[in-house]
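Spelled out, the chains give:
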Amino acid sequence: MINLIIFGSPGAGKGTQAQLIAKKHRLYHISSGEILRAESSSKKYKESITKFINQGSLVPDDLIIGIIENKVKEKIKEPGLIFDGYPRTIRQASSLNKLLKKLKSPLTAVINLQLEEKTAVERILSRGLSSGRKDDNLKTIKRRFKIYEQETKPLLKYYAKQGKLITIDGHPSIALVNKKINALIKDLQKSHAEVEAR
Ligand code: AMP
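Residues numbered from 1 in each chain as written. Predicted model: local features only at pLDDT ≥ 70, side-chain atom pairs only at ≥ 80, totals over all residues. Heavy atoms only, no water.

**Student:** Sorry, what's going on with the site of the ligand here?
**Tutor:** Around the ligand, 17 residues are found, and the nearest of them are Ser32, Arg37, Ser57, Arg88 and Gln92. At a separation of 3.0 Å, an oxygen atom of the ligand approaches a polar side-chain atom of Arg37. In isolation the ligand exposes 480 Å². Once the protein is present, 95% of that is buried. The set of elements that each furnish at least two residues to the shell around the ligand consists of α2 (32-39) and α3 (46-55). In terms of residue count, α2 provides more of the shell around the ligand than any other element does, four residues in total. (Near = heavy atom within 4 Å. Polar contact = N/O pair within 3.5 Å; in protein donor to acceptor, adjacent residues only side chain to side chain. Areas by Shrake-Rupley, 256 points an atom, 1.4 Å probe, with all protein chains shown as cover. Helix = DSSP H or I, 4+ residues; strand = E, 2+ residues; numbered from the N terminus.)

**Student:** In this structure, what is going on with α3? I would like to understand it.
**Tutor:** Side chains of residues three or four places apart in an α-helix project in the same direction, reflecting 3.6 residues per turn. Among the residues of α3, those classed as buried are Ile49, Phe52 and Ile53. Projected down its long axis, α3 carries its buried residues within an arc of 95 degrees, all on one side. In the core, the buried residues of α3 are packed alongside α2, α4 (61-75) and α7 (138-152). Just downstream of α3, Gly56 is the residue with a positive phi angle, here 85 degrees. (Buried < 20%, exposed > 50% of the residue type's maximum accessible area, 1.4 Å probe, protein only. Arc of directions from axis to C-beta. Contact = heavy atoms within 4.5 Å.)

**Student:** I'm lost on the sheet that holds strand β5 (residues 165-169) in this one. Help?
**Tutor:** Taken in spatial order, the five strands of this open sheet run β2-β3-β1-β4-β5, and their pairing is parallel. In the strand order of this sheet, the two ends are held by β2 (28-31) and β5, each with one partner. Taken over all neighbouring pairs, the strand axes of this sheet differ in orientation by 20 degrees on average, direction set aside. Note: strand β1 (residues 2-8) against strand β4 (residues 109-114), five bridges, orientation parallel. (Pairing = 2+ DSSP bridges. Axes fitted to C-alpha atoms, helices over the stretch in contact; angles between N-to-C directions.)

**Student:** Mind showing me how you'd approach the packing of aromatic side chains here?
**Tutor:** Centre distance and the angle of the planes are the two values used to describe a pair of aromatic rings. What the rule picks out here adds up to three aromatic pairs. Each ring, one from Phe83 and one from Tyr86, has its centre 6.5 Å from the other, and the planes form 40 degrees; the classification is tilted. Judged on exposure class, the residue Phe83 and its partner Tyr86 are both buried. Plain terms: the ring middles of Tyr158 and Tyr159 are 5.0 Å apart, the flat faces sit at 80 degrees to each other, and that makes the pair edge-to-face. When sorted by exposure, Tyr158 lands in the same class as Tyr159, which is buried. Directly above the ring of Phe52 sits Lys51, whose terminal nitrogen or CZ lies 4.9 Å from the centroid. (Phe/Tyr/Trp six-rings, centres within 6.5 Å; stacked < 30°, edge-to-face > 60°. Lys NZ or Arg CZ within 6 Å of the ring centre and 35° of its normal.)

**Student:** Help me understand the nonpolar core, please; the structure alone is not making it clear to me.
**Tutor:** As a rule of thumb, nonpolar side chains are buried together in soluble globular proteins. By size, the foremost hydrophobic cluster in this structure holds 30 residues, and its most contacted members are Ile5, Ile68, Val72, Phe83 and Tyr159. If you list the elements that add at least two residues to this core, you get β1, α2, α3, α4, β3 (80-84), α5 (90-102) and α8 (154-161). Broken down by element, the residue count for this core peaks at six residues, all from α4. Ignoring sequence-local partners within four residues, the contact set of Ile5 consists of Phe83, Tyr86, Pro87, Leu96, Leu107, Ala109, Val110, Ile111 and Tyr159. (Core = buried A, V, L, I, M, F, W, Y, C linked by side-chain atoms within 4.5 Å.)

Right, dumping it as structure tokens:
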């Protein structure tokens, strides 16, 4: 069983790659952004979530940690999970580590898609033409990048210290980036199977 996080700035290609990986390797895809967008149309959370998303701010840790924890408990099973957009703060990351350890299914690796901001912004703006997402406009994108720098980027060091971080260049085409990630996952699965067999 492998549990992966796909990491990167807004527009780095996390969602696109996570979908492809989930399909190919039969991992269950947990996208916090998608879950929150779905929840924001439900009565229970409507007010609390929509405001944060449309501003480009993070929803409060307590709220998202609870939502993800329930999802993980429900979906944890072979062959594993892929997290996309989660965690985004140190608090989220340490609570996820604890949860996965408790479930005896620790985090395998964090795949960091590295993309320069200028290219990422262009990608989001072109996605915005068809996504219908209210947060895909220049003002909100700038705020999302600021928050990424302040709150989320420190996770790179956090995971590097744990020896979990693998960085991949996100500039090439979707297909090329995907090919690299697939090769990497094969290696991870192989070394994981070797450890299990010991
Ligand atoms: P995404 O689809 O990953 O770009 O996320 C869209 C928006 O959902 C973000 O700008 C945040 O407002 C919210 N969001 C998604 N994931 C998280 C998270 N892990 N923590 C807090 N807010 C989140």
